[in-house]
Amino acid sequence: MIKIAVLGYGTVGSGVVELIERNGALLRERAGEEVSVKYILDLRDFPGDPYEDKVVHDFGMILDDPEISILCEVMGGVGAAYQFTKQALEAGKSVCTSNKELVAKHGAELLAIAGRMHCNYMFEASVAGGIPIIRTINSALLADKVESITGILNGTTNYILTKMEKEGADYRGVLKQAQELGYAERNPEADVEGLDTGRKIAILADMLTGKSVDPDKVATEGITKITTADFAYAKAAGMTIKLLARCGVSGDGSAWAMVAPYMLPVEHSLGRVDDVFNGIQITCSMLGDAMFGGKGAGKLPTASAVAADVMDCAMHPGRTVMRAWSREEAVLSDTAQLESRFFLRVKASESGAVQAAFAGSVPVAAQREEDAGFFTPAMKERDCQAICAKLGDAILNRIRLV
C-alpha cells in the first residue's frame, strides 16, 4: 500500500483527498497497489468532516513515519511549506505541489535534493492547474527544442477581461464580481498586477533555459489600465485583449520573459480562451506550434494535477523522473530590445501629433469622439516608450500586439 500525507486542507488539499478516495479503484489498478491518505496536516480541526480522523497538527509525525513515501504540499507560501518540503525530500520522501511561489523561488534547490535522494519534487499543478503542461515539456517534448511559450496563465484576469469584452462592464465592477464568486482574492494585487502570472512563466522559463529565472526579474504589467474603450477599438479591429505570459530564447541564445496585456486576433488560438480557462501555446523547432487548454484553477482540476504527480511517484519508486534545472541564475535580455507593433489610444485632440510622431501608423476606427486609436508599425519597445514619453499625457494607453 502507498500511503501519502496531504499538507494543507484548504480548497486544493480537500480536493486531493476527495479525488484519491473517489478514484481509489482506478488508482489501485494503475499503480498496482492501493493509494491511501494516511495524514492530513493542518493547524485547524475539522469536526464533522469525513476525514477528520486523519487530521494531525505535528509535521514531525509525518516526517518520522516510514510508511509515508509521498507528500502533497498544497499549503502555499514559502515559509513552512519550504521547510517541510526540504525536510521531506532530504528524508527521501517525494513531494508533489501546487505551490507556484515556492517552485519559482526554490525549484532548482529542491529538485537537486530530490535527485540526490532518488525521489521526486513534482509541480504539475503549479503553472496551469489541471493542464498537463509541465509533464509535456518534461517528457513528451524531450526530443524537440522548445523555442518559445505564450500563455494565458491566470483565470482571474482572463475572467475579468472576458466580462469587460462581452458585457461592456468596467474593470472595478467586474473585479468586485470576481471577488464575490471566489475567483479573485480580497487583495487581488497578485492576479491583476500580473505577479501570479510572472511566477508561472518563470517556472516555464526555468524548464526552457535549464537555468533559474528569478520571478522578480520578469518584466510584468497587469490589467488595471485596460478599459472598455480599449475593447471598443479591439472589437473594431477584429481583435481581443488578453493578459499573456511569454518567454523564449533569442537567436543569440539569450532568454527573455515578460507578462503584459496584448491585443490579438479573435481567431487566434489564445483569442478564443475565455472566462476562467487557461491556454498555452508552445512553439518547437520540429513540432511547430502546439496548443493546450483547460481549467487552470479550481478545486478538482488542480487536485487532478497533484494526484497525477502522486501516481507518477508511486509508479517510479526510487527513480527521479523530473529533469532539474541549474541553480545558476539565467540572464534575461532586456525586453526593451524586443520588437512589436503597438495599439495606442490617444486623446482625440492629439491624434494628428501622435500619427506624425509614429510614422506609418494606421488609424483604428471605433466611432468614438473623446479619443482615437492607432496601430504602430513594428518597432522596439524602447523606441515606442521614448516617443510616448515625449507625447506625455496625449497617450491614454498602450497595448502590444501579437
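Residues numbered from 1 in each chain as written. Predicted model: local features only at pLDDT ≥ 70, side-chain atom pairs only at ≥ 80, totals over all residues. Heavy atoms only, no water.

### Considering the nonpolar core
Generally speaking, soluble globular proteins have nonpolar side chains that are buried together. Applied cut-off: Each nonpolar core is a collection of buried residues, namely Ala, Val, Leu, Ile, Met, Phe, Trp, Tyr and Cys, held together in the definition by side-chain atoms within 4.5 Å. Partly exposed residues are those whose accessible area sits between 20% and 50% of the maximum for their type, while under 20% is buried and over 50% is exposed, using a 1.4 Å probe and protein chains only. Helix and strand assignments follow DSSP, with helices taken as H or I runs no shorter than four residues and strands as E runs no shorter than two, numbered in order from the N terminus.
The biggest cluster of nonpolar side chains holds 111 residues, and the ones touching the most others in it are Ile62, Tyr121, Phe123, Ile133, Ile160 and Ile282. Examining the composition of this core, we find that eight residues originate from one element, helix α5 (residues 100-116), more than from any other. Core analysis: the next-biggest nonpolar cluster, separate from the first, contains twelve residues, Leu344, Phe358, Met379 and Ile395 among them.

### Observations concerning the pattern of salt bridges
Our working rule: By convention in these notes, a salt bridge is any Lys or Arg side-chain nitrogen within 4 Å of a carboxyl oxygen on Asp or Glu.
Counting across every chain of the model gives 27 salt bridges. Note that Asp393 and Lys347 form a salt bridge whose closest N and O atoms lie 3.6 Å from each other. You can see Asp393 sitting in the loop between α15 (381-391) and β18 (395-401) and its partner Lys347 sitting in strand β14 (residues 342-347), a full 46 residues away along the chain. Residue Lys347 is classed as partly exposed on the basis of its relative accessible area of 30%.

### Regarding the packing of α5 against helix α11 (residues 195-209)
Quick reminder of the rule: Geometry is summarised by axes, namely lines fitted to C-alpha atoms with helices restricted to the contacting stretch, and by angles between N-to-C directions that run from 0 to 180 degrees. Any angle between 65 and 115 degrees counts as roughly perpendicular, while under 35 counts as roughly parallel, over 145 as roughly antiparallel, and the rest as oblique. The sense of a crossing depends on the near helix, which, turned anticlockwise from the far helix by less than a right angle, makes the crossing left-handed and, turned clockwise, makes it right-handed. The contact criterion used throughout is that any non-hydrogen atoms of two residues lie within 4.5 Å. Residue polarity follows a fixed list, in which Ala, Val, Leu, Ile, Met, Phe, Trp, Tyr, Cys and Pro are nonpolar, Asp, Glu, Lys and Arg are charged, and the others, Gly among them, are polar.
One can describe the packing of α5 onto α11 by two numbers: an axis separation of 9 Å at closest approach and a directional angle of 45°. The pairing of α5 with α11 is recorded here as oblique in orientation. For the pair α5 and α11, the sense of crossing is left-handed. Along the contact surface, α5 presents Lys100, Glu101, Val103 and Ala104, while α11 presents Asp196, Arg199, Lys200 and Ile203. Here the residues of the contact of α5 with α11 are counted per class, giving three nonpolar, no polar and five charged.

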